[in-house]
Each structure stands twice: as C-alpha cells, then as structure tokens.
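Working through the structure, step by step
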Amino acid sequence: MKMNALYYGGQRSFQIKETEKSALGKSEVRLKMAYVGVCGTDVHIYHGNMDTRVKIPQVIGHEVSGVVEELGEGVIGWKIGDRVTVRPLHPGVESPIDNGFKHIGQNLKFIGIDTPGGMQEYWNVPSFTLHHLPDNLSLKLGAMIEPLAVACHDVRLGEVKSGEYAVVIGGGPIGLLIALVARQKGANVLISEVNKSRLAFIKSLGFECVNPIEADLVKSVADFTKGAMADVVFEVSGVQAGVSVMTDLPRVRGRIVMVAIHAEQKSVDLFRFFWREIKLIGARVYEPQDFEEAIELAASGNLPLEEMITQVSPLSEAEDVFKTIDSNPAGMKYLLEI
C-alpha cells in the first residue's frame, strides 16, 4: 500500500514522496501517525549541520503521537487502536562503558536521526519504545511528551526540591518546560531569556523573568533569592554567555545541570566550582520513568502545553514551517499534522 513520507534532501530542502509501507519486522509495531513536533535537532538537520550523521534522503522526526495500526510477530502488551507516543531510543548492544545506563549507551541509535523518523503516514518502530497515552490526553499534546520527558529527566537529575530556588538560562521550548516541571515540584523559578517576545509569553505564564542584556543576571538572582543565590541552575542557552554566567549563580554546594548541547569547547570558570563546592551534572535525553512522569503531568492538565503550541501545519507544508522557525525565533512549539 502506498503512503506519503517527508524526506530531508539536504541543503535546507524537504520533499513529499509517495512510497510503499515498510515491511513489519519481528517485535515491531506499525503506527498510523497523528502529529510530529519539530525539535531543535530537526532544525540542526535542516541547516545541514548533521549531514554526516543523517543518511540523505531520510525521514526525520521524533516528537510524535499516533495510533497502533498493526502488530508484528511476537508483540505482546499492545493492541490495534492503542494511542501511543514513542521513546525514540534504540540502545543496541550494551558496552561495559555504559555502566548499565542504556539510554545513553555507547551503541545507542536515536530513532528519527540515526534511523528513519516519524514524519510519514505510517511508521514502524520497536514495540519497546511505546508508551500509552491516556484517553483524556489529545494526540496533539501527545506529540509534546518527548520534549516534556527531557524536562522531567533534567529536573530529576537536578534533584529539584520544593522550596528551592531554580534558575533557567534560556527560555526556549526546553527551558520553559524545565521551568514548568520545576515549578510543579514546588521550586521558585527565575528564567533568563533575551528574546522579548518569548519573555512576554513566559511572564504571561506567571514566571519571574530577566533579560540579561538589559539587567545584571547575578544581581537579579541575588534579589530573587534574598541573597541566598540558586540551589540549582539549568544551562539551556547553548551559548558562551550562558556558560560564563552559570557559575556565578549557585549558592554553596549548589548544582548546575548542563542541558544545552555544546558541540565546541567553551570557557568555564572552574575556580567557582572549587570556591563554592558546586556540582556539575550532565543531562542527556531521558529514561522510561521520565516518559511516564511526562504523560502523567500532561494528562493532569496542570501545565499550559496547549498555549506552548505556536502553529500546527499539514505535513505538506513542512519546508515552510522550517523556514518560519528560522525567521521567527520567538515561537515555541511547531507541530506537523500527519
């Protein structure tokens, strides 16, 4: 049977192609796709920054929701019609260096980057990647679970506790989701962001904000915490300015969680780690428990996920959506309706 799929073709281009459904392998499930979110990583792919990793032409996309269409041989625990999202990690063969943490194992393949993704009408995935979506959670918000799971993982590794002061450097989609999850844990949250449109939106959600271009972030954190400084800082900006200031913000024995991907080495004030006994924590992707927490949070209705959706477009307009993201950095989450 024929289906439509969106292929990244390199040089900032996408093309809809009619193709045959892939044969369903053992322990695989075929999904009829509903929505796919556009991730920052997808934008990096669009810019050509990952052409050495992505096999061109390739279907991408990993923030997804869909409905089980068909079960492969040996699949148990799932039935046709189940509403699901996908945890897009294929651990591969475990290595001693993994230390038992398969979600970031040496032989990990990221589904939708290293292998074909969800921007297609039907998608075959290993059944172990699936998570149930409750009936009261829309498929549209189901495509928000993957980035929300990132935030749940980051907040969990940051050991955020009720009553603590948390500072998020960078108020993009992941930074805002981290702030929302931290606030749900009872933390007092301050967000640093330079984009004025994003700042206005974030303030409308009830957060304390500061624009570090217009105000001294260190002084703002001191004022916000009544001189105590932050218990935990999340670096989500991905730029040198964020890395430079992050070590000035924690209190003694505070924590810094490195969320942003810094592909190149950055200058870091190591003396501050010594002086205040600061802990630096790396946080990458998620584990199954983070997906389950994200689904529970989304289904609770306590997070403004609907408000975070900037635009929903058909798959046929995907290339225009990527161009819009480039020209509108104030946007939050863009979804493709499959």
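Below you will find a few notes about this structure. (Residues numbered from 1 in each chain as written. Predicted model: local features only at pLDDT ≥ 70, side-chain atom pairs only at ≥ 80, totals over all residues. Heavy atoms only, no water.)

**Side note on helix H6 (residues 217-224)**
Residues lying three or four places apart along an α-helix face the same way, a consequence of the helix completing one turn every 3.6 residues. Regarding H6, the residues found buried are Leu-217, Ser-220, Val-221 and Phe-224. The arc that holds every buried residue of H6, seen down its axis, measures 100°, which confines them to one face. Every exposed residue of H6 that faces more than 90 degrees away from the buried side is listed here: Lys-219 and Asp-223. In the core, the buried residues of H6 are packed alongside strand S10 (165-169), strand S11 (188-192), strand S12 (208-210), strand S13 (230-235) and helix H7 (240-246). Measuring from the backbone nitrogen of Val-218 back to the side-chain oxygen at the start of H6 gives 2.9 Å, which picks out Asp-216 as the cap. A positive backbone phi angle near 55° is found at Lys-226, which sits one or two residues after H6. (Buried < 20%, exposed > 50% of the residue type's maximum accessible area, 1.4 Å probe, protein only. Helix = DSSP H or I, 4+ residues; strand = E, 2+ residues; numbered from the N terminus. Arc of directions from axis to C-beta. Contact = heavy atoms within 4.5 Å. Polar contact = N/O pair within 3.5 Å; in protein donor to acceptor, adjacent residues only side chain to side chain.)

**Section: the pattern of salt bridges**
Counted by the stated rule, this structure contains 17 salt bridges. The residue Asp-326 makes a salt bridge to Arg-12 at a minimum N-O spacing of 3.0 Å. Of the two residues, Asp-326 is situated in helix H11 (residues 318-327) and Arg-12 in the loop between strand S1 (2-10) and strand S2 (13-20); the sequence distance between them amounts to 314 residues. The closest approach of N and O atoms between Arg-53 and Asp-114, which form a salt bridge, is 2.7 Å. Residue Arg-53 is found in the loop between helix H1 (40-46) and strand S4 (63-71), and its partner Asp-114 is found in the loop between strand S7 (109-110) and strand S8 (122-126); the two are separated by 61 residues along the sequence. For Asp-114, a relative accessible area of 17% translates into the label buried. Connected via shared salt-bridge partners are Arg-156, Glu-287 and Asp-290. (Salt bridge = Lys/Arg side-chain N within 4 Å of Asp/Glu carboxyl O.)

**Brief notes about unusual backbone geometry**
A cis amide bond links Ile-56 with the next residue in sequence, Pro-57, at an omega value of -5°. Within the fold, Pro-57 resides in the loop between H1 and S4. Of note, Met-229 is a non-glycine position whose phi angle comes to about 70°, a positive value. Following the sequence through the fold, Met-229 ends up in the loop between H6 and S13. Notably, Val-285 is not glycine yet its phi reads approximately 45°, a positive angle.

**Let's talk about the pairing of strand S14 (residues 250-258)**
As judged from the five bridges shared by S13 and S14, these two strands associate in the parallel manner. Of the residues in S14, the one forming a bridge with Val-233 is Ile-256. One ladder, built from four bridges, connects S14 with strand S15 (residues 279-282); its direction is parallel. Within S15, the residue paired with Val-257 across the bridge is Ile-281. (Pairing = 2+ DSSP bridges.)

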